[in-house]
Amino acid sequence: MNKQVAAHGPAGAKKGNEQHVVSYPINFAVWVALMMLTAMTVAVAYADLGYLHVVVALSVATIKAGLVLYYFMHLGYASRTINLMVFTAFVILAIAIGFTFFDVAYR
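The shown structure was predicted, so the numbers you read here are calculated from the model rather than taken from an experiment.

1. Overview of helix 2 (residues 24-46)
For step 1, the next point in the chain: With 23 residues, helix 2 ought to run about 33 Å at 1.5 Å a step, and its terminal C-alpha atoms sit 33 Å apart, in line with that.
For step 2, the next point in the chain: Among the residues of helix 2, those classed as buried are Val30, Leu34, Leu37 and Val44.
For step 3, the next point in the chain: Contact partners of the buried residues in helix 2: helix 3 (52-72).

As structure tokens, this is what we get:
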């Protein structure tokens, strides 16, 4: 048998091609956390926090996005390169949102 074919067979599967099965209790715990964070988002919408309103709302949204990325999109099992790329995208997004706030604040 060809070495190249044998390397990609079931016994020699490449790292990253394996499936990641997350247990039901973990999925349920993440779902409960997301529901609690959603309730927190609604509570923040009704609270009068002044200028901290947007900061708190975006912080809760970032935590929720992180949970979804890590558990449901299996980023916890991805390589360091993929994690670095996703982190870089979030940093660039945070910088863009920050520049938008500076623009609105100094009008």
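2. Focus: the packing of aromatic side chains
For step 1, the next point in the chain: What the rule picks out here adds up to 2 aromatic pairs.
For step 2, the next point in the chain: A ring pair is formed by Tyr70 and Tyr71, whose centres lie 5.0 Å apart and whose planes are at 80°; its orientation type is edge-to-face.
For step 3, the next point in the chain: Judged by its relative accessible area of 43%, Tyr70 is partly exposed.

3. Thoughts on the packing of helix 3 against helix 4 (residues 80-105)
For step 1, the next point in the chain: Direction vectors running N to C along helix 3 and helix 4 enclose 165°, while the axes themselves pass 13 Å from each other. In this view, helix 3 runs roughly antiparallel relative to helix 4, as classed from their interaxial angle. Crossing of helix 3 against helix 4: the hand is right-handed. Residues Val54, Leu58, Ala65 and Leu69 of helix 3 form the contact with helix 4, whose own contacting residues are Val86, Phe90, Ile97 and Phe101.
For step 2, the next point in the chain: For the contact of helix 3 with helix 4, the class distribution of residues is 8 nonpolar, no polar and no charged.

4. Thoughts on the packing of helix 2 against helix 3
For step 1, the next point in the chain: At a minimum axis distance of 10 Å, the contact between helix 2 and helix 3 shows a crossing angle of 165°. Here helix 2 lies roughly antiparallel to helix 3, going by the angle between them. The crossing of helix 2 and helix 3 is left-handed. In this structure, helix 2 contributes Ile26, Asn27, Val30, Ala33, Leu34, Leu37, Thr38, Met40, Thr41, Val44 and Ala45 to the contact, and helix 3 contributes His53, Val56, Ala57, Val60, Ile63, Lys64, Leu67, Val68, Tyr71 and Phe72.
For step 2, the next point in the chain: Tallied by class, residues from the contact of helix 2 with helix 3 come to 16 nonpolar, 4 polar and 1 charged.

5. Some thoughts on unusual backbone geometry
Most peptide bonds are trans, and most residues other than glycine sit at a negative phi.
For step 1, the next point in the chain: Positive phi, close to 60°, is recorded for His74, a residue that is not glycine.
For step 2, the next point in the chain: Position of His74 relative to the elements: it lies in the loop between helix 3 and helix 4.
For step 3, the next point in the chain: Note on His74: relative accessible area 29%, which makes it partly exposed.

6. A closer look at the nonpolar core
If you look at soluble globular proteins, the nonpolar side chains tend to sit buried side by side.
For step 1, the next point in the chain: The biggest cluster of nonpolar side chains holds 5 residues, and these are Val30, Leu34, Leu37, Val60 and Leu67.
For step 2, the next point in the chain: When residues of this core are traced back to their parent elements, those giving at least two are helix 2 and helix 3.
For step 3, the next point in the chain: It is helix 2 that contributes the most residues to this core, 3 residues altogether.
For step 4, the next point in the chain: Once you skip the residues sitting within four places of it in the chain, Leu67 turns out to touch Val30, Ala33, Leu34, Leu37 and Phe72.

Procedures and definitions
- Residues numbered from 1 in each chain as written.
- Predicted model: local features only at pLDDT ≥ 70, side-chain atom pairs only at ≥ 80, totals over all residues.
- Heavy atoms only, no water.
- Helix = DSSP H or I, 4+ residues; strand = E, 2+ residues; numbered from the N terminus.
- Expected span 1.5 Å × (residues − 1).
- Buried < 20%, exposed > 50% of the residue type's maximum accessible area, 1.4 Å probe, protein only.
- Contact = heavy atoms within 4.5 Å.
- Phe/Tyr/Trp six-rings, centres within 6.5 Å; stacked < 30°, edge-to-face > 60°.
- Axes fitted to C-alpha atoms, helices over the stretch in contact; angles between N-to-C directions.
- Parallel < 35°, antiparallel > 145°, perpendicular 65-115°, else oblique.
- Left-handed = near helix turned anticlockwise from the far one by under 90°.
- Nonpolar A, V, L, I, M, F, W, Y, C, P; charged D, E, K, R; others polar.
- Core = buried A, V, L, I, M, F, W, Y, C linked by side-chain atoms within 4.5 Å.

Everything listed here is a matter of geometry and, on its own, says nothing about what the molecule does.
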